[in-house]
Every structure is written in C-alpha cells, then in structure tokens.
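Now for the letters of each chain:
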Amino acid sequence: MTSVAALVPYLGGALGVSGVAVVASRRRELRVRWCAWAAGVPLLTAAFWWGRPGTALLGVVAGVVAVVEYGRLMRLQRSDRAVLAAAVAGVVLAAWLVPGEVARVAAAGALAVAAVPLLAGDGERGGYRLAAGLLGLVWLGVLAALVPLGATALALFVAVSVADIAAYFAGRRLGGPRLSPLSPAKRWSGTLAGSAAGVAVLAVLSALSWPAAVAVAVGGPAGDLLESMVKRGAGAKDAGGWLPGSGGLLDRIDSLLGALAVLLVLG
C-alpha cells in the first residue's frame, strides 16, 4: 500500500526529467502541455495529501467540470446538466460523508436525472436525454472512488497517464493493426506497450495488485475509447479547449475513469 508522501519524490522526479526532455525536443506543444502538468500536479498532490476532504473536493470539482463538457458534447439542456452535476457531486460527497449510503444516493441521483425529461413532457427527445443522463451518471460517478482509494487513486492516475504517453509513441513507431474504428490513430502495439508501462509504474510506486493491473491495462484503454465514441457521435475533436495541450478535462481523465470503474468492479 502506497502513501501520498511516498509518491511525492517520484512525481517531482518525473516532472523534472520530462521537463528536460521537453526542452530538448524544442516542440512548443510539448512545452505547453508540460507547463499545464507542472501547475496541475502540485494541486492534485495537495488535494490527496489533505485526505478524504481533499479528494472529495477534487472529485466534486472534476465531476462538475466533466458534466459541463459531457453535456455540451451530448447537447443536453441546461436543466439536464444541472441535475446531472448535482447527482455526480452528491455521489462523490456521499463517498466521503456517508460511505455506506453511496448506492442509495446514486439511485436517488438516477431518479432525479430521469425526472427532468419526464416532468418536461419531452416525447421527442426524452428518451435520448434520459439515456445520456444515466450514462453520464454512471461514467462520471466513478469519481467517488477517489475518496476511499486515496493515494492508490493518485498512483492509478500516474500509471494511466504514463500508459497513454507510451501507447501514443509506441503505436506511432511500431504500427500494426488499429485498436478500434472509434480511434483510428491507436494501434494494438501501442496499447500493449502502454499497458506494460502503466503496470511497471504501479510496481515502482508500490501500488501493484492484480485488480490495479487489470484496471490500467483494460480499463484505461476502454475509458479512452468510450470518450472517443462520445466525441465521434458529437462530431468533436476534443471535449473542451480550456486545458492547455489536452483539450478539456474529459480528454485528460477518460482513461482514469475507465480504470476506476474496473477497479471498483474487481475490488
């Protein structure tokens, strides 16, 4: 079992080494992305260091921002987005304040999401709004797992991030069959290489277990493909444009969401 304090030297070292590599590459887009990481990693670390209140706050903020991006992609009405954001935030807060009632709070959130199109009497798009809202609650509600997992969730985020980077570069160099029509640029070779790199990171961070390994190797790529499916349906390249070098928050945490979902099922 790892701790936040044990992760800090690795995170700092990774930022330093990657910074040198980015400077050496002389690529502006990499410098922009590294600056975003340099600003975000200390904030993430501080939130996890604070313990359950910090991870709950992080989960609520991330959930609300992700709902805004998801709602825009799915073209949901403001009322749908507001209720979905409240439902996701409620599930995350329940994981902190009343962990034994998470399932009940999630069920109440699902009923609230369903009530919006029902009360509006939307016979034309009501079914779509209901399905999109429930998908958003299930998909983004897994952020509640940040609270009980603590430092393990931080290690998982680092592992899936390294896996994404390794998959990108290995796929471009090795080529081979495409992983899915949903994401034509991704290759099986890159996915396998990224999974191996992610599992290795878990081992280095003393967070390796067979559920965590499966979460990184299977859940990470699955979460990425799920977001690709949503974006492809919306005709969008990115979920947002406010996060330098990464598009939106969903573009950055899609693999983490998939990994958290698998870890919840196996754990």
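Before reading on, note that the structure itself is shown above.
Since the structure is predicted, the reported quantities are computational estimates derived from the model, not experimental observations.

**A few points about the layout of surface pockets**
If a probe as big as a water molecule is rolled over the atoms, it shows which places are left empty. Quantified by volume, the second largest pocket comes out at close to 680 Å³. Gly40, Leu44, Leu58, Leu249 and Ile253 are the residues nearest the centre of the second largest pocket, which is lined by 29 residues in total. Looking at the lining of the second largest pocket element by element, the count peaks at 10 residues for helix H2 (residues 28-49). Residues of the lining of the second largest pocket, tallied by class, amount to 24 nonpolar, three polar and two charged.

**So, the packing of aromatic side chains**
This model, assessed by the stated rule, comprises two aromatic pairs. Ring geometry for Tyr70 versus Trp139: centroids 5.8 Å apart, planes at 75°, classification edge-to-face. Here Tyr70, found in helix H3 (residues 52-74), pairs with Trp139, found in helix H6 (residues 126-141); they are 69 residues apart in sequence, far enough to count as distant. By the burial criterion, Tyr70 is buried, and Trp139 matches it.

**A few points about the pattern of salt bridges**
This structure, assessed with the given rule, holds eight salt bridges. The partner of Arg252 in a salt bridge is Asp164, and the shortest N-O contact between them spans 3.7 Å. You can see Arg252 sitting in helix H11 (residues 249-266) and its partner Asp164 sitting in helix H8 (residues 151-174), a full 88 residues away along the chain. The shortest N-O distance in the salt bridge between Lys231 and Glu227 comes to 3.8 Å. Note that Lys231 and Glu227 are positioned in helix H10 (residues 210-234) at a spacing of four residues, about one turn of the helix. When its relative accessible area of 11% is taken as the criterion, Lys231 is described as buried.

**Observations regarding the environment of Leu182**
As for its position among the elements, Leu182 is in the loop between strand E1 (178-180) and strand E2 (183-187). Using a relative accessible area of 28% as the deciding quantity, one classes Leu182 as partly exposed. Sequence-distant contacts of Leu182, defined by excluding residues within four places in its chain, comprise Leu225, Ser228, Met229 and Arg232.

What counts, and where the lines are drawn
- Along each chain, numbering runs from 1 in the same order as the chain's sequence is written.
- Note on the predicted model: pLDDT of at least 70 is required for a residue's local features to be given, and 80 or more for side-chain atom pairs to be given and counted; whole-chain, interface and lining totals, by contrast, use all residues.
- Only heavy atoms go into the side-chain values, all of them from the structure, while hydrogens and water stay out.
- Grid spacing is 1 Å over the protein atoms alone, the probe is 1.4 Å, and a cavity is where that probe fits but cannot get out, while a pocket is an open set with protein on both sides within 12 Å along at least five of seven lines and lining residues have an atom within 4 Å of a point.
- Grid points are joined across faces, edges and corners, and a volume is the space filled by probe spheres set on the points.
- Helix numbering and strand numbering both begin at the N terminus, where a helix is a DSSP run of H or I of at least 4 residues and a strand a DSSP run of E of at least 2.
- Residues are sorted three ways: Asp, Glu, Lys and Arg are charged, Ala, Val, Leu, Ile, Met, Phe, Trp, Tyr, Cys and Pro are nonpolar, and all the rest, Gly among them, are polar.
- The aromatic pairing rule takes the rings of Phe, Tyr and Trp, using the six-membered ring of Trp, and pairs them if the centres are within 6.5 Å, calling planes under 30 degrees apart stacked, those over 60 edge-to-face and the rest tilted.
- Exposure is judged per residue with a 1.4 Å probe applied to protein chains only, and the accessible area is read against the type maximum: over 50% gives exposed, under 20% gives buried, and values in between give partly exposed.
- Should a side-chain nitrogen of Lys or Arg be within 4 Å of a carboxyl oxygen of Asp or Glu, the pair is scored as a salt bridge.
- Contacts are residue-level and defined by heavy atoms, with any inter-residue pair within 4.5 Å sufficient.

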